[in-house]
Amino acid sequence: MIAVGLTGGIGSGKSTVADLFAARGVPLVDTDVIAHRVTAPHGMAMPQIAAQFGPEFVAADGSMDRARMRALVFGDEAARKRLEAITHPLIRAETEREAREANGPYVILVVPLLVESGAWKTRVNRVLTVDCSVETQIARVMSRNGFTREQVLAIIARQATREARLAAADDVIVNDDVALDALAQDVEILHQRYLALARS
Ligand code: ADP
């Protein structure tokens, strides 16, 4: 089965576009959801996290103490790498398992960090980037999350650039000032293209 990697910066409209594919019966596998699950109560990463970071990083319910871990890895690049060395292989394996088990003509992998964590690009058959201007991202995330302009800019600065995401793309959905029915039409065109690819 072919896999389409869907990516885009924060507020670009990834989830909105993913929902439009789902409405057409395409199964979605979301790496953010899986990332959360591996560190949820008794998630697959928890034994290794307890062993390597100590039991104080495990909350009473068996999940990762997110606040504590965030505080640790914020200023400590080596600790971040150690955490990612535990979680990333599990996230990849779980994503691939879910993709294999999905029922549909093709599968959409929603991978916000597709460009940032390089290996994903080789694990999908096509990359679909949802693109919009930085100003649009700022406006959307300020209104969706109640963040300040500076907070949104700080997140954007940590993500891949718009140019890098466009360079990685096989297909692009432009999502600036686009009405939802026009967005749905763009998704429909790509859906037909992916169905044809899946058949060939
Ligand atoms: P992402 O998943 O990339 O962070 P979302 O799909 O959550 O982005 O979109 C960010 C916000 O902008 C959401 O509140 C969403 O409803 C809104 N949004 C996205 N695309 C459009 C659009 N074309 N028209 C109106 N609102 C949109």
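What you see is a predicted model; the values in this text were computed from it and never measured.

What counts and what doesn't
Counting restarts for each chain: residues are numbered from 1 in the order of the written sequence. The predicted nature of this model means local features are confined to residues of pLDDT at least 70 and side-chain atom pairs, given and counted, to a pLDDT of 80 or more, with totals for whole chains, interfaces and linings taken over all residues. As a convention, hydrogens and water are excluded, and side-chain values are obtained from all of the structure's heavy atoms. Each domain's extent was defined by an automatic or database domain assignment. Residue contacts are counted whenever heavy atoms from the two residues lie within 4.5 Å of one another. Accessible surface is computed with a 1.4 Å probe, and the buried area is the amount of it that two parts give up when combined, taken over both parts together. For this analysis, a salt bridge means a side-chain nitrogen from Lys or Arg found within 4 Å of a carboxyl oxygen belonging to Asp or Glu. Runs of H or I in DSSP of at least four residues are treated as helices and runs of E of at least two as strands, each being numbered from the N terminus. Residues are grouped as follows: Ala, Val, Leu, Ile, Met, Phe, Trp, Tyr, Cys and Pro are nonpolar; Asp, Glu, Lys and Arg are charged; every other residue, Gly included, is polar. Any two strands with at least two DSSP-identified bridges between them are counted as paired. For helices, the fitted line uses only the C-alpha atoms of the stretch in contact; every axis is such a line through C-alpha atoms, and the angle between N-to-C directions lies from 0 to 180 degrees. UniProt positions are given in the numbering used here, feature names are shortened, and annotations may be inferred rather than shown by experiment. In this scheme, a residue with accessible area under 20% of its type's maximum is buried, one over 50% is exposed, and one in between is partly exposed, where area comes from a 1.4 Å probe on protein chains only.

### Regarding the domain arrangement of the protein
According to the domain assignment, the protein contains domain 1 (1-27 + 104-200) and domain 2 (32-101). The gap between the C-alpha centroids of domain 1 and domain 2 is 25 Å. In this assembly, six residues from domain 1 lie in contact with five residues from domain 2. When domain 1 packs against domain 2, close to 610 Å² is buried across both sides, 67% of that on carbon and sulfur atoms. At the junction of domain 1 and domain 2, the tally comes to one salt bridge. In this structure, the salt-bridge partner of Glu96 is Arg123, at a minimum N-O distance of 2.7 Å. Counting residues per element, the ones that place at least two in the side of domain 1 that touches domain 2 are strand S3 (107-110) and helix H6 (120-123). For the side of domain 1 that touches domain 2, the class distribution of residues is five nonpolar, no polar and one charged.

### A word on the sheet that holds strand S2 (residues 28-30)
Judged by pairing direction, the sheet is parallel, and its five strands sit side by side in the order S2-S3-S1-S4-S5 without closing on themselves. Each having just a single partner strand, S2 and strand S5 (171-174) make up the two edges of the open sheet. In this sheet, adjacent strand axes meet at a mean angle of 25° when their direction is disregarded. Where strand S1 (residues 3-7) meets strand S4 (residues 126-131), four bridges bridge the pair, whose relative direction is parallel. Of the residues in S4, the one forming a bridge with Val4 is Arg126. Seen against the sheet, helix H2 (residues 31-38) touches S2 and S3 and runs at an angle of roughly 50° to S2. Sheet strands touched by helix H10 (residues 180-199): S1, S4 and S5. Its angle to S5, the strand with the most contacts, is close to 165°.

### Some thoughts on the UniProt feature "binding site: ATP" (unreviewed entry) in the protein
UniProt annotation of "binding site: ATP" (unreviewed entry) refers to Gly11, Ser12, Gly13, Lys14, Ser15 and Thr16 when read in the numbering used here. Locating Ser12 in the fold gives a position in the loop between S1 and helix H1 (14-22). What makes Ser12 buried here is its relative accessible area of 2%. In this structure, Ser12 is in contact with Val130, Cys132, Gln137, Arg140 and Asn175, ignoring residues within four places of it in sequence. As for its placement among the helices and strands, Gly13 is situated in the loop between S1 and H1. In this structure Gly13 comes out as buried when scored by relative accessible area, which is 12%. Look past the residues within four positions of Gly13 in its chain and what remains in contact with it is Val130, Arg140 and Asn175.

### Topic: the pairing of S5
On S5, burial follows the alternation: Asp171 and Ile173 on one face are buried, whereas Val172 and Val174 on the facing-out side are not. Pairing of S4 with S5 involves four bridges; the strand directions are parallel. Of the residues in S5, the one forming a bridge with Leu128 is Asp171.

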